[in-house]
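Structural overview for review
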Amino acid sequence: MKKPLQRAWEHASIYLPVVLMAMLAMGTWWLVRHAPKPLQVQTESALTDDPDYVMERFSVHQFDGSGRLTNVMTGTQARHLPKSDVLEVDDVRTRSIAQDGVVTVASAQRGISNSDSSEVQLVGDAEVLRTSPQNPSQPMRVTGEFLHAWTNEERVQSHLPVVLNRGKDQFTGDSMNYDNISQTTELNGRVKGIIYPKNQ
């Protein structure tokens, strides 16, 4: 005949898993109640105009999927502004090489670009030089105090005076709209032009 203590232990051991599960559930509930709250994701209202990162005397190289160099950008300082998601670059210099071999070099005292570089503003001593391998003796140069470019649409605009050179020919205007896809340039305001004969 089993001893009373042994019988009591056998009866208690039947309920032991249930008691342990209940204790585990209570412990989990206590941990959840007293655990620190997760950090809130930074909301747009909390973003400021202060830069979230700064680069000094930098050089950025971009390559396409085949490893071909497509773009190089350098500057003395770059600041990313998270609120507007733009990149400001001092003494910006860029060199882009298209698949057809056209090389575009741009420079300015300051450059402002959106996150995917599809919209770029060049401010102060702005210059864009475009050279085609099919016609290297006729590069196109646009200079002015402000140039606004949409790279995907291949458009450049300025509401300020510009000087446009194509080879030796030179044109000036108070504002400009240039569309590379349609191969049209529109100069407005006081427009002047000097066109040299082809044999010179």
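Residues numbered from 1 in each chain as written. Predicted model: local features only at pLDDT ≥ 70, side-chain atom pairs only at ≥ 80, totals over all residues. Heavy atoms only, no water.

- Per an unreviewed UniProt entry, the chain goes by LPS export ABC transporter periplasmic protein LptC and derives from Comamonas kerstersii.

**As for the overall build of the chain**
- When helices and strands are tallied, the chain shows 1 helix and 12 strands.
- Sequence-ordered secondary structure for the chain, helices as α and strands as β, is α-β-β-β-β-β-β-β-β-β-β-β-β.
- With 200 residues in all, the chain has 26% of them scored as buried.
- Looking at the chain alone, contacts between residues at least 24 apart form 32% of all its contacts between residues at least 6 apart.
- With the model as given, the accessible surface of the chain reaches about 14,200 Å², and the carbon-plus-sulfur share is 58%. (Helix = DSSP H or I, 4+ residues; strand = E, 2+ residues; numbered from the N terminus. Buried < 20%, exposed > 50% of the residue type's maximum accessible area, 1.4 Å probe, protein only. Contact = heavy atoms within 4.5 Å. Areas by Shrake-Rupley, 256 points an atom, 1.4 Å probe, with all protein chains shown as cover.)

**Section: unusual backbone geometry**
- Positive phi values are uncommon outside glycine, yet aspartate 85 reaches one of about 55°.
- Structurally, aspartate 85 can be placed in the loop between strand E2 (69-81) and strand E3 (86-97).
- Under the relative-accessibility criterion, aspartate 85 is labelled partly exposed at 34%.
- One non-glycine residue with positive phi stands out, namely glutamine 183, at about 55°.
- Along the polypeptide, glutamine 183 turns up in the loop between strand E10 (175-179) and strand E11 (184-188).

**Focus on the nonpolar core**
- In this structure, Val89, Leu122, Val142, Leu147 and Met176 are the most contacted members of the largest nonpolar core, which totals 21 residues.
- Of all elements in the fold, only E2, E3, strand E4 (103-114), strand E5 (119-131), strand E6 (140-150), strand E8 (162-166) and E10 reach the threshold of two or more residues within this core.
- The biggest single contributor to this core is E6, with 4 residues.
- Here leucine 122 is in contact with Val92, Ala106, Ser107, Ala108, Arg110, Glu127, Val128, Glu145, Phe146 and Leu147, once residues within four sequence places are set aside. (Core = buried A, V, L, I, M, F, W, Y, C linked by side-chain atoms within 4.5 Å.)

**Things to note about the pairing of strand E7 (residues 155-158)**
- Residues of E7 alternate between two faces, with Val156 and Ser158 buried on one and Arg155 and Gln157 left unburied on the opposite face.
- Hairpin connection of E6 to E7: 4 residues between the antiparallel strands, including glutamate 154 at a positive phi of 55°.
- Pairing of E7 with E10, which is carried by 4 bridges, proceeds in the antiparallel orientation. Among the inter-strand pairings, valine 156 is bridged to a residue of E10, identified as tyrosine 178. (Pairing = 2+ DSSP bridges.)

**Looking at the pattern of salt bridges**
- Considering all chains together, one arrives at 7 salt bridges under this definition.
- Its salt-bridge partner being glutamate 88, residue arginine 79 comes within 3.3 Å of it at the nearest N-O pair. As far as the burial class goes, arginine 79 and glutamate 88 line up, both buried.
- Ionic pairing is found between arginine 155 and glutamate 153, a salt bridge with its closest N-O pair at 2.8 Å. (Salt bridge = Lys/Arg side-chain N within 4 Å of Asp/Glu carboxyl O.)

**Considering the confidence of the model for the chain**
- The predicted model of the chain has a mean per-residue pLDDT of 81, with 75% of residues at 70 or higher.
- Here helix H1 (residues 4-34) stands out as the least confident element of the chain, with mean pLDDT 57; strand E9 (residues 169-173) is the most confident, with 93. (pLDDT = per-residue confidence, 0-100.)

**As for the pairing of E4**
- Sheet topology places E3 next to E4; 11 bridges connect them, and they run antiparallel. Paired with arginine 95 across the two strands is valine 105, which belongs to E4.
- Once E3 ends, the chain turns through 5 residues before running back antiparallel as E4, passing glycine 101 with a positive phi of about 90°.
- Hairpin geometry of E4 and E5 is characterised by an intervening segment of 4 residues between the two adjacent antiparallel strands and by a positive phi of about 60° at serine 117.

**Notes on the layout of surface pockets**
- In this model, the largest pocket occupies a volume close to 1,400 Å³.
- Lining the largest pocket are 47 residues, with Asn71, Ser96, Ser117, Val120 and Thr151 positioned closest to its centre.
- Secondary structure elements with two or more residues in the lining of the largest pocket: strand E1 (53-63), E2, E3, E4, E5, E6, E7 and E10.
- The element best represented in the lining of the largest pocket is E3, accounting for 7 residues. (1 Å grid on protein atoms, 1.4 Å probe; cavity = no way out; pocket = protein on both sides within 12 Å on 5 of 7 lines; lining within 4 Å. Points joined across faces, edges and corners; volume = space filled by probe spheres on them.)

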